[in-house]
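Residue-level listing of the chains:
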Amino acid sequence: MKNTQTDLDQLCIDTIRLLSVDAVQKANSGHPGLPLGAAPMAYVLWSRFLRFNPKDPNWPDRDRFVLSAGHGSALLYSLLHLFGYDLSLDDLKQFRQLHSKTPGHPESNLTPGVEVTTGPLGQGFANAVGMAMTEAFLAATYNHDGHTVMDHYTYSIVSDGDLMEGIASEAASLAGHLKLGKLIFLYDDNLISLDGDTNLAFTEDRMARFAAYGWHTQQVGDGNDPEAIDQAIRAAQAETDRPSIIAVRTIIGYGSPQQGTNKAHGNPLGEEGLKKVKEFLGFDPEQSFVVPEEAGKHMAAIGHRGASLQEEWQKRFDAWQADFPQQADLFTRSFHYELPDNWDEELPVFTPADGKLATRQASGKALMAIKKRVPFVFGGSADLASSNDMPTEGDVSFQPRHYENSNIWFGVREHAMGAALNGMARHGGVHPYGGTFLNFSDYMRGAFRLTALAESAATFVFTHDSIGLGEDGPTHQPIEQYVGLRAVPNSIVIRPADANEAVEAWRFAITHRSGPVALLLSRQKLPVLDQEKYASARGLHKGAYILSEAGTTPQLILIATGSEVSLVLEAQTHLAQNGIPTRVVSMPSWELFDKQEQAYRDEVLPPDCRKRLAVEMASPIGWHKYVTDEGRILGMTHFGLSGPADEVMAYFGFTVDHVVRLAREMLG
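Definitions and cut-offs
- Every chain is numbered on its own, with residues counted from 1 as its sequence reads.
- Reporting in this predicted model follows two pLDDT cut-offs: at least 70 for local features of residues, and 80 or more for side-chain atom pairs to be given and counted; totals over whole chains, interfaces and linings ignore these cut-offs and use all residues.
- Working from all heavy atoms in the structure, the side-chain values ignore hydrogens and water.
- Numbering goes from the N terminus for both helices and strands, where a helix is a DSSP run of H or I of at least four residues and a strand is a run of E of at least two.
- The contact definition used throughout considers only heavy atoms, calling two residues in contact when any of these lie within 4.5 Å.
- Positive charges come from Lys and Arg, negative ones from Asp and Glu, while His and the chain ends are left out of the count.
- We put the charge of a Lys on NZ, of an Arg on CZ, of an Asp on CG and of a Glu on CD.
- The working definition used for a salt bridge is a side-chain nitrogen of Lys or Arg within 4 Å of a carboxyl oxygen of Asp or Glu.
- Three exposure classes are used, based on accessible area relative to the maximum for each residue type with a 1.4 Å probe and protein chains only: buried under 20%, partly exposed in between, and exposed over 50%.
- UniProt positions are given in the numbering used here, feature names are shortened, and annotations may be inferred rather than shown by experiment.
- Pairing of N or O atoms within 3.5 Å defines a polar contact, subject to two protein rules: one partner must be a possible hydrogen donor and the other a possible acceptor, and residues neighboring in sequence count only if both atoms are side-chain atoms.
- To estimate how far a helix should extend, the number of its residues minus one is multiplied by 1.5 Å.
- For two strands to be treated as a pair, DSSP must find no fewer than two bridges joining them.
- Lines fitted to C-alpha atoms define the axes, with helix axes restricted to the stretch in contact, and inter-axis angles between N-to-C directions lie between 0 and 180 degrees.
- Classification remark: right-handed applies to a crossover when, strands pointing away from the viewer, the course from the first strand over the helix to the second runs clockwise.
- Centre distance within 6.5 Å is the pairing criterion for rings of Phe, Tyr and Trp, where only the six-membered ring of Trp is used; planes under 30 degrees apart are then read as stacked, over 60 as edge-to-face, and the remainder as tilted.
- In this analysis the charged atom, NZ for Lys or CZ for Arg, is taken to sit over a ring once it is within 6 Å of the ring centre and within 35 degrees of the ring normal.
- By nonpolar core is meant a set of buried Ala, Val, Leu, Ile, Met, Phe, Trp, Tyr and Cys residues that side-chain atoms within 4.5 Å join together.
- Boundaries of every domain are those given by an automatic assignment or by a domain database.
- An angle counts as roughly parallel when it lies under 35 degrees, as roughly antiparallel when it exceeds 145, as roughly perpendicular when it falls between 65 and 115, and as oblique in every other case.
- Residues are grouped as follows: Ala, Val, Leu, Ile, Met, Phe, Trp, Tyr, Cys and Pro are nonpolar; Asp, Glu, Lys and Arg are charged; all remaining types, including Gly, are polar.

### With respect to the overall build of the chain
When helices and strands are tallied, the chain shows 24 helices and 18 strands. Referenced to the eigenvectors of the C-alpha coordinate spread, the extents of the chain come out at roughly 100 × 60 × 45 Å. A separation of at least 24 residues holds for 76% of the contacts in the chain among residues at least 6 apart in sequence. Taken as two groups, the 57 positive and 82 negative side-chain charges of the chain have centres that lie 2 Å from each other.

Given below as structure tokens:
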């Protein structure tokens, strides 16, 4: 006797498979192997477990699904279309075409239902860890006896390539330590990577490795067995104290002439190969983009049920809101990227009487003040909290059984931290931040780039920002990192000049909603600039501003960022004593300055004053557009040195006397 439900499930699985490979073939570009092999596990997850509402992709308590193996994007687009998201069949037919909603790898700010931007392997893996951390934090913060408003899973399909990447090891280790029981990964264990058999480079016992990380591990021997996959997911859900990974043995390119080989990974099947897979699955080989009526109705109905799931949640939310109105207000604001009223009331204001302060110290004080008023600011440091001056108060931080605490110990895992911040931001309900030394921003460059591409609101705190850190030497002294961060589109880099600019940098970062903000902060102590004598630090929000005017028409403009601003202020005084009127411009953020109206930019840097000297202890690349062809740049064109900070800076010419000499040379 036929099992009609099993037959229907198989029809749905094969529909997903063929929509995906039809899209790849029409584009003549893409990755058919993963959709053909992984469609059964994706279908079981989406049809039996995943809680979602296609009509409201931003429902706060939906389950999150991350396709970490983003090269299999055609699979995700087929799922989104069939389960009712705003992604049409025509959109699938535009796969990988210019300006389509179905790009080559998933982009969260482009396609409804795509949770995170994935493709660079391992990133989605770590994004999902950040999402699960956020769910745990919000559940511990808002749920009460009799009230549950945050209770969902984070699922991901990961590949061999994801597991090979170092970022996945970092993230897996952290997730295991944190005992993230609502994190469940389906591992597409097909024994093939792009270049060939995984035995070429990947022969470890994967599940033993994850068990050592503290994960619950399972194996499904047949990736075409929906019931075995179902049972494994249920067992993973029952394991509440460990994240879970299920190794599902699949056949890459299943049903095609290229099945089981690397040829199925990243090349279209070809017209004849596509016909053969359709014949193998019992479909008409001459038809494309076919959705059998029965399969289409079944998957659409599952999507429609999402509205009732959200309605049930809304009733729970309303009851909770009635009992806890203040918490409900914070919850709603956090998911709408709104801050509490008077959130910045306790931000510190510094005066010269406070003595010298490193901008990292001022940043720490600002962050503490913000966290008192904005409980959903969530983050920590890569084992450098005391060096980054990040909050460490209290007996415990974000740990198993203490998920309500907002201070995270990421451990020495910069890359995973960066990607977790992106996942946290995409999850919603928190404003994430993470800190390390600026030089180690290189270790998280991939994550920072994707955070910018995804337009995720996260704050990256990078301290020890120059050769001014001194004795640790050139291994820790950043030179090219300024340029690297500034080159990332849709990111904002801010290097504050003193304690008050550091506070304003946080004021900007916590309100910025469309991309990452990188704060570059000093280790060494700096003078607090007198805001009664000089311009207000609020000028930071325009990227650059006239900090100290010449008193008359300037012959020269000194431009600087960070610790070098106080240096050029001293130089201004010496130049004035020698009859050279000089303007000082603090330029903490190129990106913010470039966004200003031309009239304002011309006011700060008048076109007719072409004698300009930029001073920054980093690579000079990029400064030329501000100093003109008659200007000069005092920067770093080689690595630093180990020694006392003052001696290192003097050796490389960052002294008042040298700045004055360069200025006089420019003026002839």
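Now that the structure is up, let's keep going.
### Comments concerning the pattern of salt bridges
According to the stated counting rule, one finds 37 salt bridges in the structure shown. Across the pair Glu346 and Arg373 runs a salt bridge whose closest N-O atoms are separated by 3.1 Å. Taken together, the positions of Glu346 in the loop between helix H12 (325-335) and helix H13 (359-373) and Arg373 in helix H13 put the pair 27 residues apart, joining distant regions of the chain. When its relative accessible area of 37% is taken as the criterion, Glu346 is described as partly exposed. Of the charged contacts, one joins Arg610 and Asp629 as a salt bridge, the two residues approaching to 2.7 Å between their closest N and O atoms. Of the two residues, Arg610 sits in the loop between helix H21 (598-604) and strand E17 (612-615) while Asp629 sits in the loop between helix H22 (624-627) and strand E18 (632-634), which places them 19 residues apart along the sequence. Arg610 gets classed as partly exposed once you look at its relative accessible area, which sits at 32%. The exposed category is assigned to Asp629, whose relative accessible area is 66%. It is possible to trace a salt-bridge network through shared partners that takes in Asp9, Arg48, Glu227, Asp230 and Arg234.

### Concerning the UniProt feature "binding site: substrate" (unreviewed entry) in the chain
Mapped onto this numbering, the UniProt entry annotates "binding site: substrate" (unreviewed entry) at His31, His265, Arg360, Ser387, His464, Asp472, His476 and Arg523. The largest pairwise C-alpha distance within this set of annotated residues, which runs over 493 residues, is 47.9 Å, so the set is dispersed in three dimensions. With respect to the helices and strands, His31 occurs in the loop between helix H1 (4-27) and helix H2 (33-48). A distance of 3.3 Å separates a polar atom in the side chain of His31 from the backbone oxygen of His71. In this structure, His476 sits in the loop between strand E11 (459-463) and helix H17 (481-486).

### A look at helix H24 (residues 656-667)
One full turn of an α-helix is made of 3.6 residues, so residues set three or four places apart face in the same direction. Look at H24: 17 Å from first C-alpha to last across 12 residues, which is about the 16 Å you get at 1.5 Å a residue. Listing the buried residues of H24 in full gives Val656, His658, Val659, Val660, Leu662, Ala663 and Met666. On its buried face, H24 sits against strand E15 (556-560), helix H19 (564-577), E17 and E18. At the exit of H24 stands Gly668, carrying a positive phi of roughly 75 degrees.

### Section: the sheet that holds strand E6 (residues 216-220)
Overall, parallel pairing links the five strands, which are arranged E1-E2-E3-E7-E6 in an open sheet. The two strands at the open ends of the sheet, each matched to only one other strand, are strand E1 (64-67) and E6. Across the sheet, the mean angle separating the axes of adjacent strands is 15 degrees when strand polarity is ignored. Across four bridges, E1 lies against strand E2 (residues 154-159) in parallel orientation. In the strand pairing of E2, Arg64 is matched with Thr154. In this fold H2 packs onto E1, E2, strand E3 (183-189) and strand E7 (244-249), with an angle of close to 155 degrees to the strand it touches most, E3.

### Considering the pairing of E11
Counted residue by residue, E11 has five buried out of five residues, so it is predominantly covered. Burial of E11 is two-sided: the residues Thr459, Val461 and Thr463 facing one way and the residues Phe460 and Phe462 facing the other way are all buried. Sheet analysis places strand E10 (residues 431-437) next to E11, joined by five bridges and oriented parallel. Bridge pairing in E11 links Phe437 to Thr463. Between the parallel elements E10 and E11, the chain passes through helix H16 (residues 445-453) in a crossover that is right-handed. For E11 and strand E13 (residues 517-520), the ladder comprises four bridges, and the chain directions are parallel. Its bridge partner lying in E13, Thr459 is registered against Val517.

### Looking at the packing of aromatic side chains
Inspection of every chain in the model, using the stated rule, returns 38 aromatic pairs. Ring centres 5.2 Å apart and planes at 80 degrees place the aromatic pair Tyr142 and Phe331 in the edge-to-face group. One end of the pair, Tyr142, is in helix H5 (residues 123-142); the other, Phe331, is in helix H12, with 189 residues separating them in the sequence. Lying across the ring of Trp590, Arg486 places its NZ or CZ 4.0 Å from the centre. The ring of Tyr600 carries Lys542 above its face, with NZ or CZ at 4.4 Å from the centroid.

### A look at the nonpolar core
Core analysis: the largest hydrophobic core is formed by 104 residues, its most contacted members being Phe125, Met133, Leu180 and Trp506. A total of 12 residues in this core trace back to one element, the largest contributor, which is H5. Counting contributing residues, this core receives three or more from each of domain 1 (4-307) and domain 2 (352-527). In contact with Leu180, other than residues within four places in its own chain, are Val129, Ala132, Met133, Ala136, Ala175, Arg242, Pro243 and Tyr403. Counting 52 residues, the second largest nonpolar core, distinct from the first, contains Val44, Leu50, Ile157 and Ile302.

### Description of the environment of Gly579
Examined against the element boundaries, Gly579 turns out to sit in the loop between H19 and strand E16 (582-586). As for Gly579 and Gln237, which are separated by 342 residues in sequence, their C-alpha atoms are 76 Å apart.

### What about the packing of helix H7 (residues 166-178) against helix H15 (residues 414-427)?
Contact geometry of H7 with H15 gives a least axis separation of 8 Å together with a crossing angle of 75 degrees. With respect to H15, the element H7 is oriented roughly perpendicular. Together, Ile167, Glu170 and Ala171 of H7 and Glu414, His415, Ala416 and Ala419 of H15 make up the contact between the two elements. Classifying every residue of the contact of H7 with H15 gives four nonpolar, one polar and two charged.

### Quick word on the pairing of E16
Judged by how many residues are buried, E16 sits mostly within the fold: five of five residues are covered. Of the two faces of E16, the one holding Thr582, Val584 and Ser586 and the one holding Arg583 and Val585 are both buried throughout. Sheet analysis places strand E14 (residues 545-548) next to E16, joined by three bridges and oriented antiparallel. What sits directly across from Ile546, in E16, is Val585. Examined bridge by bridge, E15 and E16 share five bridges and lie parallel to one another. Residue pairing across strands places Ile557 opposite Arg583, the latter belonging to E16. Regarding topology, H19 serves as the crossover connection from E15 to the parallel E16, and that connection is right-handed.

### Section: the UniProt feature "active site" (unreviewed entry) in the chain
Here the UniProt-annotated "active site" (unreviewed entry) positions come out as Glu414. Within the fold, Glu414 resides in helix H15. Looking at Glu414, the relative accessible area reads 6%, which means it is buried. Those residues within four positions of Glu414 in sequence are excluded, and the remaining contacts are Glu170, Ala382, Thr436, Phe440, Tyr443 and Met444.

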